[in-house]
Amino acid sequence: MTGPLAVLAERFPELEFGTVHGDHVVRVERERLAEVTAAAREAGFEMFVDLCAVDYLRRPEGRFEVVVNLVSIEEPQRIRILSALPGSDPTAPSITGVYPGANFYEREAYDLFGIEFEGHPDLTRILLPDDWVGHPLRKDTPVGSVPVQFKHPDEDTT
Amino acid sequence: MSNPPDVVTGDTEAPDVTERSEAVDRPSESERERRRVHSVWVTGTEAPVDSGDFTSEGAQEMLADEAGAVLAAQRGTLVSDDYLVDVDASEDETQIINMGPQHPSTHGVLRLQLELDGETIRRVKPIIGYLHTGMERTAEVLTFMQGPTNVTRMDYLSPFHNELCFSLAVERLLGIDVPPRASAIRVLMTELNRVASHLLWFATQGMDIGALSMMIYGWREREAVLAFFEAVTGLRMNHNYIRPGGVAADLPDGWEDDVSGILEQIPKGLADYEDLLTANPVFLERTQGVGVITPAECLAYGVTGPVARASGVDYDVRKAFPYSGIEQYEFDVPLGRHGDVYDRYLVRLGETRQALRIVRQVLETMPPGDYRSEDRKVTPPPRARIDQSMEALIHHFKLFTEGFKVPAGETYQAVESARGELGMYLVSNGGAKPWRLHVRGPSFANLQAVPAMLTDSLIADLVSALASVDPVMGDVDR
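Every value quoted in this text rests on a predicted model; they were computed, and no experiment measured them. Here the residue index of a chain counts from 1 through its sequence in written order. Numbering of ligands from 1 and lettering of chains from A proceed in the order in which they are written. In view of the model being predicted, local features appear only for residues whose pLDDT reaches at least 70, and side-chain atom pairs are presented and counted only at 80 or more, with totals across whole chains, interfaces and linings using the full set of residues.

Enquirer: Residue-level account of the overall build of chain B, with values.
Expert: Only DSSP runs of H or I reaching four residues or more are called helices, and only runs of E reaching two or more are called strands; each is numbered from the N terminus. Helix and strand counts for chain B come out as 20 helices and eight strands. To sort residues by burial, count the other C-beta atoms lying within 10 Å of each one's C-beta; a count of 20 or more means buried, 12 or fewer means exposed, and anything in between means partly exposed. C-beta atoms are built from the backbone. Expressed as a percentage of the 478 residues in chain B, the buried residues total 51%. Of all intrachain contacts in chain B linking residues separated by at least 6 positions in sequence, the fraction that spans at least 24 positions is 70%. By the convention adopted here, residues are in contact when the distance between their C-beta atoms, placed from the backbone, does not exceed 7 Å.

See the structure below:
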């Protein structure tokens, strides 16, 4: 390992840095997500790229997973920081304090998966209407379970 | 008429239009930011680098020197969440105005909530989701084979990039390589797609600020590229042409002539646009110093593509993380230094020429061979084989009924679309359908930076700045 990745690995010797299909990944406990992300930024991963959630439904180490993708531009490297969350309490610390760009992405994960990001300045729905009930990308939401809104022209009151 | 140095030929004799007159008034902060960012045109040969003001080292290195300042700026006032419009807390003198979602200049169904103090924008809040159709969930019910039909509809102005990104992600999980000809065809199509997308941007940007002839000219040149797409794929958009394992069909007979025609026609069109716009006083007035975003803000918000490069952030996925053998072609990455609408125009102009440069190299070096992988577990057999071989028939049947299985795992694959880094995070559980597909649309992140561009600017600049970001709402809302 070289560059920012090596700096980060040196800073956290207790974390396991691995490679999956050529991508550098590190798994952290959710309490440390913001801390490790901030350290990654100081180590040289200056650009925030992506944050998303995955629902693994019946995975023993935690139903949900928050995935943060960062890039170092100077020495082209990517790192993926993954953090598992239990299905009973899907909360994670917000990283908007480290990267303001995470704002929309955390709102999206909240909207579609119901993951609460503690410390987010404005955790509201972003893609779905504000009065929507449920989180449609969760695996326990069946596809096609939402009735399509439809009104026959004859029933139009005007 | 002055022209910017020709990026393709490295011709730097023409005067540098990016030398601004003193009349253009910009805040001192962006002035300082500007000096931290290096030269405009990376010609590869004679970059006009002024060692006094600009250093030849990367913008990132300079940012690192001022890391403390950048950090403080991002946590402090430079990047904050106070653009969020709180109707109750607004002052009496300001008024809240909704622009969109049906406004013609919002490029689709985007709604901007504006807090105005007279003509000045105090705060902006983009409100999205009007085009949300749950495509990430749809991806989970389609097989990996059907996947490209879904993702190609996301960023409908650069459909090939969507297909390529998805196919590359699937191929990485499968662990298969595609033949060199398939990769070359992919590069050809995606770079032509970049040309088509930027041509449309010239058209709409021109129209949005009143240059109505640009609208016609941009569409006219783009038509040549779309006609070629139709000849190759059968469709003008939503092609479903790049698929896991290769491409759907080989290039048609006579494709070399078509591409040569495009290579002849588009540069002429670009020269026309330059005559129309590059030194046009009205265009300069509407674009220079408008919608400025600093490199630090680009990094913090995850802004990529031409918008970030116009600010001097030297990040191009094709250079940093090459894919499909694009590293074997010669091309440069044009950079701006002012981070305003005008530099985004110049950067897109340069990128269009660089894309044509890659297309020319692909045309000259197109390798012979298969256009898709011969792995029959992934790509269907040729039609003639089905009549002769039971195995081929079974493979064909299995592929088109249940699809192919992809080993469990997850991967993040990125390509440089016309708007920036298009990334897909693909999770497979070992079945024939993705367990999860997350799409990192470049427009989504770029749109997030619009408040930073527009705060305390005039409302007349809003349309110009918003158009310069080139948001595609299909990509934002998915």
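Enquirer: How would you summarise the interface of chain A and chain B if you had to cite specific residues and measurements?
Expert: Contact residues are listed per partner, giving 29 residues for chain A and 39 residues for chain B. For the side of chain A that touches chain B, the elements supplying multiple residues, two or more each, are strand E3 (47-55), strand E4 (64-72) and helix H3 (102-113) of chain A. No other element matches E3 of chain A, which puts six residues into the side of chain A that touches chain B.

Enquirer: Provide a residue-level description of unusual backbone geometry, including the pertinent values.
Expert: One non-glycine residue, His-21 of chain A, adopts positive backbone phi at about 50°. If you trace the backbone, His-21 of chain A turns up in the loop between strand E1 (17-20) and strand E2 (23-28). Looking at His-21 of chain A, the number of C-beta atoms within 10 Å reads 16, which means it is partly exposed. Of note in the backbone geometry, Asp-470 of chain B takes a positive phi value of approximately 60° without being a glycine.

Enquirer: Got a sec to walk through the pairing of E3 of chain A? Specific residues and values, please.
Expert: Two faces, one strand: in a regular strand the side chains alternate between the faces of the sheet. Residue and element names in this part refer to chain A. The element E3 is largely enclosed, with a buried count of nine among its nine residues. Strand pairing is defined by DSSP finding a minimum of two bridges between the two strands. For E3 and E4, the ladder comprises eight bridges, and the chain directions are antiparallel. Each residue of the ladder has a partner; that of Phe-48, found in E4, is Leu-70.

Enquirer: Can you lay out the environment of Ala-53 of chain A for me, pointing to particular residues and giving the numbers?
Expert: Residue and element names in this part refer to chain A. One can find Ala-53 in strand E3. On the basis of neighbour count, Ala-53 is assigned to the buried category, with 25 C-beta atoms found within 10 Å. Considering only alpha carbons, one finds Ala-53 and Glu-106, 53 residues apart in sequence, at a separation of 8.9 Å.

Enquirer: Explain the packing of helix H8 (residues 212-233) of chain B against helix H9 (residues 255-278) of chain B to me, and be specific about the residues and the numbers.
Expert: Residues and elements named next belong to chain B. Between N-to-C directions, angles cover 0 to 180 degrees, with each direction set by a line fitted to C-alpha atoms, over the stretch in contact for helices. For the pair H8 and H9, interaxial distance at closest approach is 10 Å and the crossing angle is 170°. Taken together, the axis directions place H8 and H9 in an arrangement best described as roughly antiparallel. Pair H8 / H9 crosses with left-handed handedness. Every residue of H9 that contacts H8 at Ser-213, Met-214, Tyr-217, Glu-221, Ala-224, Val-225, Phe-228, Ala-231 and Val-232 is listed here: Trp-255, Asp-258, Val-259, Gly-261, Ile-262, Gln-265, Ile-266, Gly-269, Asp-272, Tyr-273, Leu-276 and Leu-277. Working rule for angles: under 35 degrees goes down as roughly parallel, over 145 as roughly antiparallel, 65 to 115 as roughly perpendicular, anything else as oblique. Take the far helix as the reference: if the near one is turned anticlockwise from it by less than a right angle, the crossing is left-handed, and if turned clockwise, right-handed.

Enquirer: Residue-level account of the sheet that holds strand E8 (residues 436-440) of chain B, with values.
Expert: Think of a sheet as strands paired side by side through backbone hydrogen bonds, with each pair either parallel or antiparallel. Residues and elements named next belong to chain B. Across the sheet, three strands lie side by side as E6-E7-E8; this open sheet has antiparallel pairing. Each of the sheet's edge strands pairs with one partner strand only, and the pair in question is strand E6 (409-417) and E8. Each strand of the sheet is rotated relative to its neighbour by a mean of 15°, with strand direction disregarded. Taken together, the nine bridges between E6 and strand E7 (residues 420-428) define a ladder with antiparallel strand orientation. Considered in E7, the bridge of Tyr-412 is made with Tyr-425. Docked against the sheet, helix H6 (residues 159-174) engages E6 and E7, running at close to 150° with respect to E6.

Enquirer: Tell me about the sheet that holds strand E3 (residues 120-127) of chain B, residues and numbers included.
Expert: All names here are of chain B. Spatial strand order, E1-E2-E3: three strands in an open sheet with antiparallel pairing. Of all strands in the sheet, those bounded by a partner on one side alone are strand E1 (95-99) and E3. Looking at each pair of strands side by side, their axes are set apart by 25° on average, direction ignored.

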